[in-house]
Every structure is written in C-alpha cells, then in structure tokens.
Amino acid sequence: MTPEVLSLLCLGLCLGYEDEKKNEKLPKPSLHAWPSSVVEAQSNVTLKCQAPFQNVTLMLYKVNDSGYKQEQISTENEAEFLFTDLKLKDAGSYFCAYKTTASHEWSESSEHLQLVITDTRTIFVAIFSCISILLLFLSVFIIYRCSQHGSSPEESTKRISHSKRSEQEAAEADLSRMERVSVLTADPQEVTYTELNINALSEAASDTTHEPPGSHEYAAVKV
C-alpha cells in the first residue's frame, strides 16, 4: 500500500470521526436555584446551570418568553445567573443549555425549573379585602333579616287590629261621653220640676197647718 493511499485513508477516518462527533448530541445540563426556588418579592436568587464539560458557553432561557436569553462564557463547567430585587413578573419556568468550543451545536435543554415569587403584602391585602367583604355581606344580611322581621305579616296584622281596637274604644268613649252630656243636660230640668213640686207641696202643708179652718179648699185649689 503506497503512502498516498495511507494518507487518504487516515484523512477520511479523521473526517468521519469529526462528523460523527459533531452529530453526537451533548448531554443535558442541570439547573438549580439558590437559596430556594420559592422566594419573596424584592429578594435575590441565583440560578446555577452546570454542564458536564469545562470551557463552555451557557445560555439561560425562560419558557413562553422567546425574547428572554442570558449568556455566559465559563472556563469551568457552570455559570451563575443572579436575580436581584425580584418582582412578580420574574416568576416562571426556566431552563438552560450549553455548547463547547469543539461543538457549535447546543446541548439538550435542562429540566425546567419553576421559580415562585411570593408577596406577603399582596396576600395580606387580599385576605383583609376578603374579610371586609364578608363582614359587609353579613351586616347587610342581618339588616335585611331585621327589616323583614319587623315588617312581617303577623306584625302588620297585629298593628292593624290594634289600631282598629283603639279606634273602636275611642268611638265608644265619645259615645259614652255624648250620652253623659245628654243626661246631664236633661236631668237638671227633671230635678228642678221635682223640687218645685216638692216645694209647692211643703208650702201647702205649712199653709194648712197655720191657716184657720175654711182655708183648706183654697189650698187644695191652689195645689
């Protein structure tokens, strides 16, 4: 075998090995959050993307946000992506990938990491609002029940019957008062006539006692 043939064979094997190496997919990296993936608003958190190789370029992505990308070149096998003064909009699902200096293709994506941001003030305001609405509803319900109880049909019937009874009693009182007035206006005349008759009889009796005989006929005629 000539040296030229050996050279061509070695070149072909090397090119084939390089093509196979290029087509081989890189293993996926890992993504972790420090100190935790659940943090409060206005605090800090670090997302660490770790690759199995050194001298890599690492990229951080956010799910459902194609415009979000953070890139770091590291001489080691990991990169730290720092988030400061977290806001609620920073919450979401993140993942990372990497590529080596020998490979121009990106690796498979890491497992998704869910970053949860809590806001205690928002929770407190929401709880306070719910309690206020509940108390307002209870107050309206109690007022409604009291008004319904105060204007119930039984109470209305009792009130109407009581008013009718009062009117009847007032009418009877007026009638009795009128009868008393009529009696008082009529009795004095009868009493006066009776007194006059009694007085006349008493005067006649006294005249009969003191007058001489023969005046009885005059007294009888007078009476």
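All of these numbers come straight from a predicted model, not from anything done at the bench. Going along each chain's sequence as written, the residues are numbered from 1 onward. For a predicted model such as this one, the threshold for reporting local features is a pLDDT of at least 70, and the threshold for listing and counting side-chain atom pairs is 80 or more; totals across whole chains, interfaces and linings nevertheless cover every residue. Derived side-chain values reflect all non-hydrogen atoms in the structure, with water molecules and hydrogen atoms excluded from consideration.

**Details of the pairing of strand β5 (residues 65–74)**
To keep it simple, the criterion reads: In this description, strands pair whenever DSSP reports at least two bridges between them. Runs of H or I in DSSP of at least four residues are treated as helices and runs of E of at least two as strands, each being numbered from the N terminus.
Pairing between strand β4 (residues 56–62) and β5: seven bridges, direction antiparallel. Each residue of the ladder has a partner; that of Val56, found in β5, is Ser74. Between the end of β4 and the start of β5, which pair antiparallel, lie two residues, with Asn64 showing a positive phi angle near 65°.

**Notes on the sheet that holds strand β6 (residues 78–83)**
For clarity, the cut-off: Each axis is a line fitted through C-alpha atoms, taken for helices only over the stretch in contact, and angles between the N-to-C directions span 0 to 180 degrees.
Read from one edge to the other, the open sheet built from three strands follows the order β1-β3-β6, with strand pairing classed as antiparallel. Pairing within the sheet leaves two strands with one partner each, and these edge strands are β1 (30–34) and β6. Pairwise comparison of adjacent strand axes, ignoring direction, gives a mean angle of 20° for this sheet. Two strands pair when backbone bridges link them, and strand β3 (residues 45–50) and β6 are joined in this way by six bridges, in the antiparallel orientation. Each bridged residue has a counterpart across the sheet, and for Val45 the counterpart in β6 is Phe83.

**As for the UniProt feature "transmembrane region" (unreviewed entry) in the protein chain**
Heads up, the condition is: UniProt positions are given in the numbering used here, feature names are shortened, and annotations may be inferred rather than shown by experiment.
Within this structure's numbering, the places UniProt gives as "transmembrane region" (unreviewed entry) are residues 123–144. Structurally, residues 123–144 is divided into 100% helix and 0% strand, and its ends, taken at the C-alpha atoms, are 32 Å apart.

**Let's talk about the sheet that holds strand β2 (residues 38–40)**
Strand pairing in a sheet takes place through backbone hydrogen bonds and is either antiparallel or parallel in direction. If you walk across this open sheet you meet the five strands as β2-β8-β7-β4-β5, and the pairing is mixed. The sheet is open, and its two borders are formed by β2 and β5, each paired with just one other strand. Looking at each pair of strands side by side, their axes are set apart by 30° on average, direction ignored. Here seven bridges tie β4 to strand β7 (residues 92–100), and the two strands are oriented antiparallel to one another. Its bridge partner lying in β7, Thr57 is registered against Lys99.

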